[in-house]
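Structure at a glance
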Amino acid sequence: HCCHDHGEGNQHGDEFGISTFVYYVRRPFDRMKLENFASNWPASVIRAKGIVWFADDNDEAFILEQAGRQIQAGYSGDWMATASKGQIKKALASDPEFAKNWDEKVGDRMVKLVFIGRNMDKAKIIADLDACTVEPKLK
């Protein structure tokens, strides 16, 4: 369904109303709230993918992927914040990108999802996702 040229040349972006944005917060999702959101997933979202942090699991990072009606979250490894202080120090010293994303309170834990969709109501999606987040409970 892609490449019919209706004489407008190749402007994919706006011609089809396709846009993309990144949802990024340093708060975890409440699993049940996110499941509720997922069961009413906006039809305007074609694909979403990224890393998620769940409130009931401060150790494990998950990769969330959505395409069409299919949504899955799979374990992607432990947050670096679960490592020893020494390992964390080393990583901060050796990796500027990692250091840039390090937060004193939550470490490297985050939710970062890239959304690709058609005529998405970005403000509403962000508000709905914000409503799925909760205060982190960290030891």
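This section reports on the structure supplied with the text.

What counts, and at which threshold
- Counting restarts for each chain: residues are numbered from 1 in the order of the written sequence.
- With the structure being a predicted model, the display of local features is reserved for residues of pLDDT at least 70 and the display and counting of side-chain atom pairs for 80 or more, all residues being used for whole-chain, interface and lining totals.
- Only hydrogens and water are set aside; all other atoms, that is, all heavy atoms of the structure, feed into the side-chain values.
- Helix and strand assignments follow DSSP, with helices taken as H or I runs no shorter than four residues and strands as E runs no shorter than two, numbered in order from the N terminus.
- Think of it in three bands: with a 1.4 Å probe and only protein chains considered, a residue is buried below 20% of the maximum accessible area for its type, exposed above 50%, and partly exposed in between.
- Here Asp and Glu are counted as negative and Lys and Arg as positive; His is not counted, and neither are the chain ends.
- Definition used for salt bridges: Asp or Glu carboxyl oxygen within 4 Å of a side-chain nitrogen of Lys or Arg.
- Any N or O atom pair separated by 3.5 Å or less is treated as a polar contact, with the protein-specific requirement of one donor-capable and one acceptor-capable atom, and with residues adjacent in sequence counted only for side-chain atom pairs.
- Note on contacts: a residue pair is in contact if any heavy atoms of the two residues lie within 4.5 Å.
- What is meant by a nonpolar core is a set of buried Ala, Val, Leu, Ile, Met, Phe, Trp, Tyr and Cys residues, joined one to another through side-chain atoms within 4.5 Å.

A few words on the side chain of Arg-109. The topology assignment puts Arg-109 in the loop between α4 (96–100) and β5 (111–118). Buried and unpaired, Arg-109 has Asp-59 as its nearest opposite-charge partner, separated by 4.9 Å. Polar side-chain contacts of Arg-109 include one of 2.6 Å to the backbone oxygen of Asn-58. Ignoring anything within four residues of it in the chain, the contact list for Arg-109 reads Arg-26, Trp-53, Asn-58, Trp-79, Ala-81, Thr-82 and Leu-138.

Per the counting criterion, the structure on display carries 6 salt bridges. Here Asp-56 makes a salt bridge to Arg-31, at a shortest N to O gap of 2.9 Å. Pair noted here: Asp-56 is in the loop between β2 (45–54) and β3 (57–67) and Arg-31 is in helix α2 (residues 31–39), with a separation of 25 residues, a long-range link. The partly exposed category is assigned to Arg-31, whose relative accessible area is 29%. As a salt-bridge pair, Lys-100 and Glu-97 come within 3.3 Å of each other at their nearest N and O atoms. Within this pair, Lys-100 and its partner Glu-97 are both found in helix α4, separated by 3 residues, close to a single helical turn. Judged by its relative accessible area of 45%, Glu-97 is partly exposed.

Counting residues in hydrophobic clusters, the biggest one holds 25 residues, and the most contacted among them are Tyr-23, Phe-29 and Phe-115. Secondary-structure elements contributing two or more residues to this core are β1 (18–25), α2, β2, β3, β5 and α5 (122–130). The element best represented in this core is β2, accounting for 5 residues. With sequence-adjacent residues up to four places away left out, Tyr-23 is seen in contact with Phe-29, Val-111, Lys-112, Leu-113, Phe-115, Ile-126, Leu-129, Asp-130 and Thr-133.

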